[in-house]
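Structure assessment
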Amino acid sequence: MISIELIRREPKLVQERLALKDNSISLETILELDKEYRFNLSKVNELRSKRNKVSEDIAKARKADISADEEILAMRKVGEDIKSIELKVNQLKESLDTNLLSLPNLPNEYVPKGIDDSCNKVVRECGEAKELNFKIKSHLELGKELNLFDFERGAKISGSGFPLFIGKGAKLERALINYMLDIQTIKHGYTEIFPPFLVKPSSVKIVGQLPKFSEDMYFSEKDNLWLIPTAEVPLTNIHSDEILSEDQLPISYTAYSACFRREAGSYGKDTRGFLRVHQFNKVELVQLVKPEESYEALELLTTHAEYILQSLGLKYRLVELCTGDLSFAASKCYDLELWAPGEQKWLEVSSCSNFEDFQARRGNIRFRRNSDNKVELVHTINGSGLATPRLLVAILESYQNKNGTISIPEPLQPYFGSEVID
């Protein structure tokens, strides 16, 4: 959530920054609500002060055995006025907060300007595509021939977009998850969490998924719980409504979770195989850091996600998103995209974002400075480290052999238990 103090102080600047994400956004309603809210809040505070003063006078009059009937009647009227204005203040505050929650985060001033993904900037391209001197098969063909997964039977059980892993396919998925968790915990020092997969509405609101993206999520109405679209949700919420010490920062968490997304906006997009599914597995990275360290932390976290791709010998590129392609909550974001030779396209496998204090303000996640005991909001960073569906696609298609087998990348072999899928 954007600070209302910043909107009051620099409405023109906020409007200009918001327009880089969505030029249809207007601050007019928020500024009017805020003005009316503050006016009525001031009014009710004045009446409370008056009531307190007269109450003291009434107490003194009674002590001196002097009649205070008129003052008592007047105070009853003031009390009624206070209740009426308090109700209005609460209504205005609720409306103001609702409107503030609808505003996306401000893009960082150094993010490239642009209206959509065509304006994104390729920062670097790494790795080499495998030389495959034979007819390349897609992951769907390979999976069917080697009996690694079955989308038809998955659809019979749950509907389209819910993959069913089989045998060595399930084993490879598990190997990837365990390998990525070990890298992030042992090599990069993250604390592993195994979080709940269902969360309260407040938890989803804190990370910025609600109210904007409710149509893209699964909801259990009876229990009033949401299925998580990413482990970012429970990980970010671990320290909501807490004041951390400066010495506790940075905090780095990693978690495996299943992720659930309705993909409501996927009409017309390529949904074959693992390219777009409703349930998938992902290892997530989340950091809580001091504000002055957050952009350095974003660069570091991004290299932690990149390391997985480098170690697996895959061709990938790092893309900086322009203002118009940033997510609702992000101030800056890098995408990691893998080259899939069977698909002949780049596939996104990770987004690494700095949310600055946007999520922390929603979640009241703060820390206390050692130097002056001042309490401030933390900055939150997160990234996929990585999502498995498209990673699996790139591995299968890049490491396929002419004889129909698939070689297992060397770092994965101890987790998978062999060097090849045949």
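**Regarding the state of the cysteines**
Enumeration according to the criterion identifies zero disulfides in this entry. No disulfide involves Cys126; its sulfur sits 13 Å from that of Cys352, the nearest cysteine. Owing to a relative accessible area of 19%, Cys126 belongs among the buried residues under this scheme. The thiol of Cys333 is unpaired, and the distance to the nearest cysteine sulfur, on Cys352, comes to 7.1 Å.

**Focus: the sheet that holds strand β1 (residues 121-126)**
The sheet built from eight strands is open, its strands ordered β1-β9-β10-β11-β14-β8-β7-β2 with mixed pairing. In this open sheet, the two strands that pair with only one neighbour each are β1 and β2 (191-193). Taking each pair of neighbouring strands and ignoring which way they run, the sheet shows an average axis angle of 25°. Bridging between strand β10 (residues 332-340) and strand β11 (residues 345-354) involves nine bridges; their strand directions are antiparallel. Following the sheet pairing, Glu337 is matched in β11 by Glu348. Most of the contacts of helix α10 (residues 294-311) go to strand β14 (residues 379-387), to which it runs at about 5°, and overall it touches β1, β8 (279-289), β9 (316-320), β10, β11 and β14. Set on the sheet, helix α12 (residues 388-398) makes contact with β8, β10, β11 and β14; between it and β10 the angle comes to about 30°.

**Here's the deal with the packing of helix α7 (residues 167-187) against α12**
Between α7 and α12, the shortest axis-to-axis distance is 11 Å and the interhelical angle comes to 110°. Here α7 is positioned roughly perpendicular relative to α12, judged by the angle of their axes. In the packing of α7 onto α12, the handedness of the crossing is right-handed. In this structure, α7 contributes Leu172, Glu173, Leu176, Ile177 and Met180 to the contact, and α12 contributes Thr388, Leu391, Leu392, Ile395 and Leu396. A class-by-class count of the residues in the contact of α7 with α12 yields eight nonpolar, one polar and one charged.

**What to know about the pattern of salt bridges**
On inspection of all chains with the given rule, the structure shows 22 salt bridges. With a closest N to O distance of 2.8 Å, Lys137 and Glu145 form a salt bridge. Here Arg317 and Glu337 are joined by a salt bridge, their closest N and O atoms 2.7 Å apart. Separated by 20 residues along the polypeptide, Arg317 in strand β9 and Glu337 in strand β10 bring together distant segments of the chain. One continuous salt-bridge network, built from bridges that share partners, spans Arg8, Asp34 and Arg38.

**Quick look at the nonpolar core**
Membership of the largest hydrophobic core comes to 58 residues, with the highest contact counts inside it found for Leu309, Leu312, Leu386, Leu391 and Leu412. With eight residues, the single largest contributor to this core is α7. Judged by nonpolar contacts, the second largest core, of 34 residues, contains Ile4, Tyr37, Leu100 and Leu326.

What counts, and where the lines are drawn
- Residues numbered from 1 in each chain as written.
- Predicted model: local features only at pLDDT ≥ 70, side-chain atom pairs only at ≥ 80, totals over all residues.
- Heavy atoms only, no water.
- Disulfide = S-S within 2.5 Å.
- Buried < 20%, exposed > 50% of the residue type's maximum accessible area, 1.4 Å probe, protein only.
- Pairing = 2+ DSSP bridges.
- Helix = DSSP H or I, 4+ residues; strand = E, 2+ residues; numbered from the N terminus.
- Axes fitted to C-alpha atoms, helices over the stretch in contact; angles between N-to-C directions.
- Contact = heavy atoms within 4.5 Å.
- Parallel < 35°, antiparallel > 145°, perpendicular 65-115°, else oblique.
- Left-handed = near helix turned anticlockwise from the far one by under 90°.
- Nonpolar A, V, L, I, M, F, W, Y, C, P; charged D, E, K, R; others polar.
- Salt bridge = Lys/Arg side-chain N within 4 Å of Asp/Glu carboxyl O.
- Core = buried A, V, L, I, M, F, W, Y, C linked by side-chain atoms within 4.5 Å.

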